[in-house]
Amino acid sequence: MMLDNEHGWASIDFIVAFMIILFTIPGIIAIIEERVDTANRVQEIAEAKVLSENIAERIEMVYSGGNGCSITYKMPPTIANKPYIVHVNSSGVFIRFNGKMGSAFISPVKISNNPRYDYNVFMEANKTYNISNIKNEFNYDCIIIKQI
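The present account deals with the structure reproduced in this document. (Residues numbered from 1 in each chain as written. Predicted model: local features only at pLDDT ≥ 70, side-chain atom pairs only at ≥ 80, totals over all residues. Heavy atoms only, no water.)

Broken down by element type, the chain carries 1 helix and 8 strands. Moving toward the C terminus, one meets the helices and strands of the chain in the order α-β-β-β-β-β-β-β-β. Its C-alpha radius of gyration of 28 Å places the chain more than 25% over the 15 Å reference for a compact globule of 148 residues. With the C-alpha coordinates of the chain rotated into their principal frame, the extents come out at 105 × 25 × 20 Å. Taking all 148 residues of the chain together, the buried fraction comes to 28%. Considering only contacts within the chain whose residues lie at least 6 apart along the sequence, 56% involve residues at least 24 apart. Roughly 9,600 Å² of accessible area belongs to the chain as shown, and the carbon and sulfur atoms make up 61% of that amount. When the 13 positive and 15 negative side-chain charges of the chain are each reduced to one mean point, those points stand 18 Å apart. (Helix = DSSP H or I, 4+ residues; strand = E, 2+ residues; numbered from the N terminus. Rg over C-alpha atoms; globule rule 2.2 N^0.38 Å. Buried < 20%, exposed > 50% of the residue type's maximum accessible area, 1.4 Å probe, protein only. Contact = heavy atoms within 4.5 Å. Areas by Shrake-Rupley, 256 points an atom, 1.4 Å probe, with all protein chains shown as cover. Lys, Arg positive; Asp, Glu negative; His and termini not counted. Charge placed at Lys NZ, Arg CZ, Asp CG, Glu CD.)

If you want it as structure tokens, here you go:
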């Protein structure tokens, strides 16, 4: 008789252990999914930040190069496989995509797509731009960003 009771206890221990495992696995899976989603969001924001810093660096290089300095820059097709748009003005480079925004600040300088007027410049994905430093009619440095 003792043997039957011992087998019964072993079966109950197995069932309890199995139930504990069965209840903890979905929780572990949910935590893993949340971590992966967070990592993907961080990667998207990091890619936007890198792109904004690259554009700001090109603008700073052209500005510090003085009158006549020019650089061609090709925009990447996507950020984390999502469309985006870049907005550049005299205070910085701002990237909007997927409801998020990345930015990089630049030295205060007139930025335009026309030497006479101060505009906000919008740069689109997968297009090539010429970033150049010219003197405007008032003899001030002006950064001109034009699609080529």
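Here the narrative resumes.
Taken as a whole and assessed by the stated rule, the structure comprises 5 salt bridges. Among the ionic pairs, Glu44 bridges to Lys82, the shortest N-O distance being 2.7 Å. Here Lys82 lies in the loop between strand E1 (70-74) and strand E2 (85-89) and Glu44 lies in helix H1 (residues 2-65), a separation of 38 residues in the sequence. Accessibility expressed as a relative area gives 9% for Glu44, which makes it buried. Put simply, Lys127 and Glu124 hold a salt bridge, and the shortest N to O gap is 2.9 Å. Judged by relative accessible area, Glu124 falls into the partly exposed class, the value being 37%. (Salt bridge = Lys/Arg side-chain N within 4 Å of Asp/Glu carboxyl O.)

The pairing of strand E3 (residues 92-97) with strand E4 (residues 100-105) spans 6 bridges and is antiparallel. Looking across to E4, one finds that Phe97 is bridged to Lys100. As consecutive antiparallel partners, E3 and E4 are separated by 2 residues, and within that stretch Asn98 has a phi angle of approximately 50 degrees, a positive value. (Pairing = 2+ DSSP bridges.)

Okay, the environment of Ile145 next. With respect to the helices and strands, the residue Ile145 is situated in strand E8 (residues 141-147). Residues Ile145 and Val88, spaced 57 residues apart in sequence, show a C-alpha to C-alpha distance of 9.2 Å. Setting aside residues no more than four positions away along its own chain, Ile145 makes contact with Ile59, Val88, Ile111, Ser112, Asn113, Val121, Met123, Tyr129, Asn130 and Ile131.

What follows covers the environment of Ile71. Along the chain, Ile71 falls in strand E1. Other than its neighbours up to four places away in sequence, Ile71 contacts Arg58, Met61, Val62, Tyr129, Asn130 and Ile131.

Here the focus is the sheet that holds strand E6 (residues 121-124). The strand order E4-E3-E2-E6 describes an open sheet built from 4 strands, whose pairing is antiparallel. Taken across any chain shown, the strands that pair with only one partner, and hence form the sheet edges, are E4 and E6. The mean angle between the axes of side-by-side strands here comes to 20 degrees, regardless of whether they run parallel or antiparallel. Here 5 bridges tie E2 to E3, and the two strands are oriented antiparallel to one another. If you follow Asn89 over to E3, its bridge partner there is Gly92. (Axes fitted to C-alpha atoms, helices over the stretch in contact; angles between N-to-C directions.)

The next thing to look at is the nonpolar core. The biggest cluster of nonpolar side chains holds 27 residues, and the ones touching the most others in it are Ile55, Ile59, Val86, Val88, Ile111, Met123 and Ile145. At the level of secondary structure, the elements contributing two or more residues to this core comprise H1, E1, E2, E3, E6, strand E7 (128-135) and E8. Per-element accounting of this core gives the leading share, 6 residues, to H1. For Ile59, the contacting residues outside a window of four places in its chain are Val88, Val93, Ile106, Ile111, Ile131, Ile143 and Ile145. (Core = buried A, V, L, I, M, F, W, Y, C linked by side-chain atoms within 4.5 Å.)

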